[in-house]
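Survey of secondary and tertiary structure
The lines below spell out each chain.
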Amino acid sequence: MKKIKWTIMSLVVLFSIGAAFATRPPKLQALYYFTGSAYMPVVGAMGQNWICVSPTTFPCTYTYANGVYSIYTNDAQYEVIGIDGTPNPVGKKRN
Amino acid sequence: MLKRQVVLECIAALLILLFLYASVSKFLDFKRFIDEINNQPLPNSWTPFLVWCIPLLEIAISVAVVFEYTRLLAFYASLVMMMLFTIYAILILTHFFPYVPCSCGGVIRKLTWPQHLILNLFYLTLSILGIILQRTKHLKPISITKNSFV
């Protein structure tokens, strides 16, 4: 029983770590948001200058590689907060 | 007795699967995790504490649940953690906060908030079941014999 237990636990641990590596997203590149007609580069840091808000009509941010825009943060809408005096539309606290 | 042990091992394995996967995913893309915590409708001053506390606690639970000696403690820790996550998901879904943030974290980031809530409730139930089974594990069944009434 103990041998079976430790075998299964070891497999679960290996599987969990392996799955985390397998689903690891590509290294962070420049991000873009979609205005509805064009892709614009994102300025500033997530959660400080901009946030992703759910639900939405299209994904929040994208990465760009080999001529293709891929979804970086999905199921969310890009919203700018507090850049250059832009009013904070959603009440995100800035620290 | 054997059945109970098998169920307990299965619960432990499922908790390891969730917590270890989630914590390793966070450390593998730590910058993104910081961004995602900043994106939550919580004060950004909490971020330095949360980005270390959450994954380290998840790893601690994954380790503690393996050993018989610390398993009950791990089930309790898992229960508290899942309760906090569940309350947070409910607050998000009831629009308690000024906005609904993206749901983030490894493959789990692909889940919507209602799906998150279901996953949390499932693991909350597993933790409760684990506590009940682990606590009653060493209790001897009460035998009612004729002598008991004498």
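About the thresholds
Residues numbered from 1 in each chain as written. Chains lettered and ligands numbered in written order. Predicted model: local features only at pLDDT ≥ 70, side-chain atom pairs only at ≥ 80, totals over all residues. Heavy atoms only, no water. Helix = DSSP H or I, 4+ residues; strand = E, 2+ residues; numbered from the N terminus. Buried < 20%, exposed > 50% of the residue type's maximum accessible area, 1.4 Å probe, protein only. Contact = heavy atoms within 4.5 Å. Areas by Shrake-Rupley, 256 points an atom, 1.4 Å probe, with all protein chains shown as cover. Salt bridge = Lys/Arg side-chain N within 4 Å of Asp/Glu carboxyl O. Phe/Tyr/Trp six-rings, centres within 6.5 Å; stacked < 30°, edge-to-face > 60°. Core = buried A, V, L, I, M, F, W, Y, C linked by side-chain atoms within 4.5 Å. Patch = residues over 30% accessible without salt bridge, like charges linked within 9 Å, V, L, I, M, F, W, Y side chains within 5 Å. Expected span 1.5 Å × (residues − 1). Axes fitted to C-alpha atoms, helices over the stretch in contact; angles between N-to-C directions. Parallel < 35°, antiparallel > 145°, perpendicular 65-115°, else oblique. Left-handed = near helix turned anticlockwise from the far one by under 90°. Nonpolar A, V, L, I, M, F, W, Y, C, P; charged D, E, K, R; others polar.

When you go through chain A residue by residue, the secondary structure sums to 1 helix and 6 strands. Taken from the N to the C terminus, the helices and strands of chain A come in the order α-β-β-β-β-β-β. When each of the 95 residues of chain A is scored for burial, the buried share is 33%. Sequence separation of 24 or more characterises 42% of the internal contacts of chain A that already satisfy a separation of 6 or more.

Along chain B, the regular secondary structure elements total 5 helices and 1 strand. Counting from the amino terminus, chain B carries its helices and strands in the arrangement α-α-α-α-β-α. The burial tally for chain B puts 51% of its 150 residues in the buried class. Within chain B, contacts between residues at least 6 apart in sequence are counted, and of these 72% link residues at least 24 apart. When the accessible surface of chain B is summed, it comes to about 8100 Å², and 78% of that surface belongs to carbon and sulfur atoms.

A few words on the pattern of salt bridges. All names here are of chain B. Applying the stated criterion across every chain yields a total of 5 salt bridges over all chains. With a closest N to O distance of 3.0 Å, Lys 26 and Glu 58 form a salt bridge. Highlighted residues: Lys 26 in helix 1 (residues 2–28) and Glu 58 in helix 3 (residues 47–64), separated in sequence by 32 residues. Across this residue pair, the class does not change: Lys 26 and Glu 58 are buried.

In this section: the packing of aromatic side chains. By the definition in use, this model includes 13 aromatic pairs over all chains. Judged by centre distance (5.8 Å) and plane angle (50 degrees), the ring pair of Trp6(A) and Phe67(B) falls under tilted. Of the two residues, Trp6(A) sits in helix 1 (residues 2–22) while Phe67(B) sits in the loop between helix 3 and helix 4 (71–93), which places them in two different chains. Centroid distance Phe30(B) to Trp52(B): 5.0 Å. Interplanar angle 50 degrees. Geometry classified as tilted. Linking Phe30(B) in helix 2 (residues 30–39) with Trp52(B) in helix 3, this pair joins segments that are 22 residues apart in sequence. Ring-pair connections join several aromatic residues into one group, and the members of that group are Phe27(B), Phe30(B), Phe33(B) and Trp52(B).

Membership of the largest hydrophobic core comes to 42 residues, with the highest contact counts inside it found for Leu15(B), Ile16(B), Phe19(B), Val65(B) and Phe75(B). Secondary structure elements with two or more residues in this core: helix 1 of chain A together with helix 1, helix 2, helix 3, helix 4 and helix 5 (113–135) of chain B. Broken down by element, the residue count for this core peaks at 11 residues, all from helix 1 of chain B. The residues touching Leu15(B), leaving out its near neighbours within four places in the chain, are Leu20(B), Val65(B), Phe75(B), Ser78(B), Tyr123(B) and Ser127(B).

A cluster of nonpolar side chains, contributed by Met1(A), Leu2(B) and Val6(B), occupies part of the molecular surface with about 290 Å² of accessible area. Examined against the element boundaries, Val6(B) turns out to sit in helix 1.

Residue and element names in this part refer to chain B. Across its 18 residues, helix 3 extends 25 Å between first and last C-alpha, which sits within 8% of the 26 Å expected from 1.5 Å per residue. When helix 3 is considered as a whole, its buried residues turn out to be Thr 47, Leu 50, Val 51, Ile 54, Pro 55, Glu 58, Ile 61, Ser 62 and Ala 64. Looking at the packing, one finds that the buried side of helix 3 touches helix 1, helix 2 and helix 4.

As a further point, take the packing of helix 2 of chain B against helix 3 of chain B. Helix packing for two helices is described by the angle between their axes and how far apart those axes are. Residues and elements named next belong to chain B. One way to put it is that helix 2 packs onto helix 3 with a least axis distance of 10 Å and a crossing angle of 120 degrees. One way to sum up the angle between helix 2 and helix 3 is to call them oblique. When you trace helix 2 past helix 3, the crossing you get is right-handed. Residues Phe 30, Phe 33, Ile 34, Ile 37 and Asn 38 of helix 2 form the contact with helix 3, whose own contacting residues are Thr 47, Leu 50, Val 51, Trp 52, Ile 54 and Pro 55. Grouping the amino acids of the contact of helix 2 with helix 3 by side-chain chemistry returns 9 nonpolar, 2 polar and no charged.

Now for helix 5 of chain B. Residues and elements named next belong to chain B. With 23 residues, helix 5 extends 33 Å between its outermost C-alpha atoms, agreeing within 8% with the 33 Å of an ideal straight helix rising 1.5 Å per residue. Of all the positions in helix 5, only Trp 113, His 116, Leu 117, Asn 120, Tyr 123, Leu 124, Leu 126, Ser 127, Gly 130, Ile 131, Leu 133 and Gln 134 are classed as buried. Turning to helix 5, the residues buried within the fold contact helix 1, helix 4 and strand 1 (100–101).

Let's shift gears to the packing of helix 1 of chain B against helix 5 of chain B. All names here are of chain B. Look at helix 1 against helix 5: their axes get within 10 Å of each other, and the N-to-C directions meet at 140 degrees. Taken as axis vectors, helix 1 and helix 5 run oblique relative to one another. In this structure, helix 1 meets helix 5 at a crossing whose hand is left-handed. Between helix 1, through Arg 4, Val 7, Leu 8, Ile 11, Leu 14, Leu 15 and Leu 18, and helix 5, the contact on the second element is made entirely by Leu 119, Phe 122, Tyr 123, Leu 126, Ser 127, Leu 129, Gly 130, Leu 133 and Gln 134. Residue composition of the contact of helix 1 with helix 5, by class: 12 nonpolar, 3 polar and 1 charged.

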